[in-house]
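Results of the structural survey
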Amino acid sequence: MRKTCIDMVHELAKQDERVVFVGSDLGVGTLDEMRWELPDRFFMEGVSEANMIGMCAGLATEGHIVYTNTIATFIARRAYEQVCLDVGHADLPVRFICNGGGLVYAPLGPTHEAIDDFALMRAIPNMTIFAAADAEEMREFMPQSLDWPHPIYIRLAKGHDPIVTQGLPPFEIGKARPLVEGSDALIVTTGITLRVARPALDELRAEGLDVGLLHLPTVKPLDTDAILSRASKSRAVVVVEEHSIIGGLGSAVASLLLEELPSTPSFRMIGIPDQFPDIYGSQADQLRHFDITAERVATEVRGLLRSAAA
Amino acid sequence: MTQAALKGESVPSGLEPGPLDRRSKELRKQCVRCLLGGSRGHVGSTFSLIEILRVLYDDVLKYDPANPSWEERDRFILSKGHGCIALYVLLAEKGFFPDAELDKFCHPDGILGGHPDHVKVPGIEASTGSLGHGLSIGIGRALAGRVRRADWRVFVTLGDGECNEGSIWEGALAAGNHGLENLTVIVDNNKRQSYGSTDEVLDLEPFADKWRAFGFGVHEVDGHDTSALRNAFARLPYEKDRPSALICHTVKGKGIPEAEGNNKWHHLRAIDEAKAQAMIEAIEKY
């Protein structure tokens, strides 16, 4: 997914002279072809994220479409004020390509795990948040990112993630992607939790439960119509995300349902509890540790439907 | 910290309090108009900036008030956004917006706030106020100018207190590394920050050497001497293929004896007609 995203920056730059790339001390060889082919529009800065984001704002003010890349936490946490003020307040077309969304950097510990990035970015007016499920979704997203008139936070997954977006309608920034419609319960996913939820969906439907799945690659702006039209017909809603339960997609959906529906369905957020990750291991280990699993999704849906029926 | 330093009984810059000409006094009086409009404002940081901005807008920068986004203009960024009143006065005088806006400083129906907002104010190139942002924005713009081989230049004005921010030195490294000859950093080196003198709060010396070490061509000037400032700007760039830094030695609060070097005048509140009148009289007598 990262390779797809980064390679497409070069493709977009070849097509559109507004496009520039700004990295922060990335891995050796990153975008070498663009560097040789378009040296004026390739910048590799040092380990100085605050300066890098300010620079991106300056380039974007002058009419460039800026794709910038480093580790997610260094953009979302360290350079938050630059992202918020220099880019967000100015509403500039900077695309933050953020490595290691969620628990990808599990072996590296809490400094590198982006468990709060949705919350931080959601709080910035004008910001768009995109979390791809797989490389195919990224491939659909990138050309649309070119002329999107606002800053975009792009959350990358681990890389070599299995393709799980088969059967979804075409991607469009700001639009939800329904996989299956159902009247009993609705599962809502973003990013790689589509892959977590799909087996649960199959299992529940095999049990005869009419469960739907709505995938939200765009966390902000939220496709409220898509959510409300389905949640209003469901007895239960379960949101699954690789993010803290505070401030992420679950919080966004919960607020929406409470504010807009006369009677709300039973609701559950599956995510990282209010704690820093306390083990190492792999992303998969951490997802199991925090019980962000297909088994949990299925259990929560069954439980909510039982309670709703009682 | 000594009481004398707190009260500003000595001027730590090494500059003797010098006279101000009619234009400098009139600009300061317009600043007082703005301060009265908002009943508040950063007096010290505004008054140290006046001659720097006056020379820039009278003699150095290319701009078109009728077309603030004219492609060929020079880009001026006031990174020390709290000195914005001085910039508002110059921009109003040059016709970027009606000077009646000065009376609505910080009003809900005005466009001029306590920090400059480029979304609202014609002629403001970047929204600043949180310190340490303007240099990096300026670097991005200078790089964009280089990409398109443009003739326009980028000027970023920093405060010396602002140079406490780590992001300034990240930017200084990057500007030096990119050899941005089209970028000039101007430091309003008024020797004071909110709490006290810069050497006591967080010593920046050897300041000029720091900029040299980061790859800048450096020049120092009396920041209230308009002919010296004109000469200093005319000599840009100071070194080929390097960014320039012009360190302007100034007096915080310059033009009102009670305000000069007096940290109680860093930011004033409850400015009423009587206070404003007293400020204008002090400026006239200066």
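Residues numbered from 1 in each chain as written. Chains lettered and ligands numbered in written order. Predicted model: local features only at pLDDT ≥ 70, side-chain atom pairs only at ≥ 80, totals over all residues.

On to the overall build of chain A, then. Counting its regular elements, chain A contains 12 helices and 12 strands. Taking 2.2 N^0.38 as the reference for a compact globule, 310 residues should give roughly 19 Å; the C-alpha atoms of chain A span a radius of gyration of 19 Å, in line with that estimate. Across its three principal directions, the C-alpha atoms of chain A cover 65 × 40 × 35 Å. Split into buried and exposed, the 310 residues of chain A put 55% on the buried side. (Helix = DSSP H or I, 4+ residues; strand = E, 2+ residues; numbered from the N terminus. Rg over C-alpha atoms; globule rule 2.2 N^0.38 Å. Buried ≥ 20, exposed ≤ 12 C-beta atoms within 10 Å, placed from the backbone.)

The next subject is the interface of chain B and chain A. Accessible area lost during the coming together of the parts is what is often quoted as the interface size. Between chain B and chain A, the contact holds 17 residues from the first and 23 residues from the second. Those elements giving two or more residues to the side of chain B that touches chain A turn out to be α6 (134-147) and α7 (166-178) of chain B. Residue contributions to the side of chain B that touches chain A peak at nine residues, all from α6 of chain B. Here the side of chain B that touches chain A is composed, by residue class, of seven nonpolar, eight polar and two charged. (Contact = placed C-beta atoms within 7 Å. Nonpolar A, V, L, I, M, F, W, Y, C, P; charged D, E, K, R; others polar.)

Here we come to the packing of helix α2 (residues 22-38) of chain B against helix α4 (residues 50-60) of chain B. All names here are of chain B. Running from N to C, α2 and α4 point in directions that differ by 110°, and their axes come no closer than 10 Å. Taken together, the axis directions place α2 and α4 in an arrangement best described as roughly perpendicular. In this structure, α2 contributes Arg23, Ser24, Leu27 and Arg28 to the contact, and α4 contributes Ile50, Glu51 and Arg54. For the contact of α2 with α4, the class distribution of residues is two nonpolar, one polar and four charged. (Axes fitted to C-alpha atoms, helices over the stretch in contact; angles between N-to-C directions. Parallel < 35°, antiparallel > 145°, perpendicular 65-115°, else oblique.)

What follows is about the nonpolar core. Cys56, Ile187, Val238 and Val301 of chain A are the most contacted members of the largest nonpolar core, which has 176 residues in total. In terms of residues, this core owes the most to one element, helix α5 (residues 84-94) of chain B, which gives nine residues. (Core = buried A, V, L, I, M, F, W, Y, C linked by C-beta atoms within 7 Å.)

All names here are of chain A. Of all six residues that make up strand β1 (residues 19-24), six are buried, and the element is covered over most of its length. By the alternation rule, side chains of β1 split into Val19, Phe21 and Gly23 and Val20, Val22 and Ser24, which are all buried. Sheet analysis places β1 next to strand β3 (residues 65-71), joined by five bridges and oriented parallel. Looking at β3, one finds that valine 19 is bridged to isoleucine 65. Pairing analysis gives four bridges linking β1 to strand β2 (residues 42-45), with the strands arranged parallel. Paired with serine 24 across the bridge in β2 is glutamate 45. The handedness of the β1 to β2 crossover, carried by helix α2 (residues 32-37), is right-handed. (Pairing = 2+ DSSP bridges. Right-handed = clockwise from strand over helix to strand, strands pointing away.)

All names here are of chain A. Structurally, leucine 146 is set in the loop between α7 (135-145) and β6 (152-155). Expressed as a C-alpha distance, the spacing of leucine 146 and glutamate 37, which sit 109 residues apart in the sequence, is 20 Å. Apart from the residues lying within four places of it in its own chain, the contact partners of leucine 146 are Leu12, Asp16 and Ile65.

What follows is about the pairing of strand β3 (residues 183-189) of chain B. All names here are of chain B. When you tally the buried positions in β3, you get seven out of seven residues, the bulk of the element. Bridge count between strand β2 (residues 154-159) and β3: six bridges; the pairing is parallel. Note on β3: the bridge partner recorded for valine 156 is valine 185. Sheet topology places β3 next to strand β5 (residues 244-249); six bridges connect them, and they run parallel. Residue pairing for β5: asparagine 189 is matched across the bridge by histidine 249.

As a further point, take the confidence of the model for chain B. Per-residue confidence for chain B averages 94 on the pLDDT scale, and 94% of its residues sit at or above 70. Here the predicted complex carries an ipTM of 0.94, next to a pTM of 0.95. (pLDDT = per-residue confidence, 0-100.)

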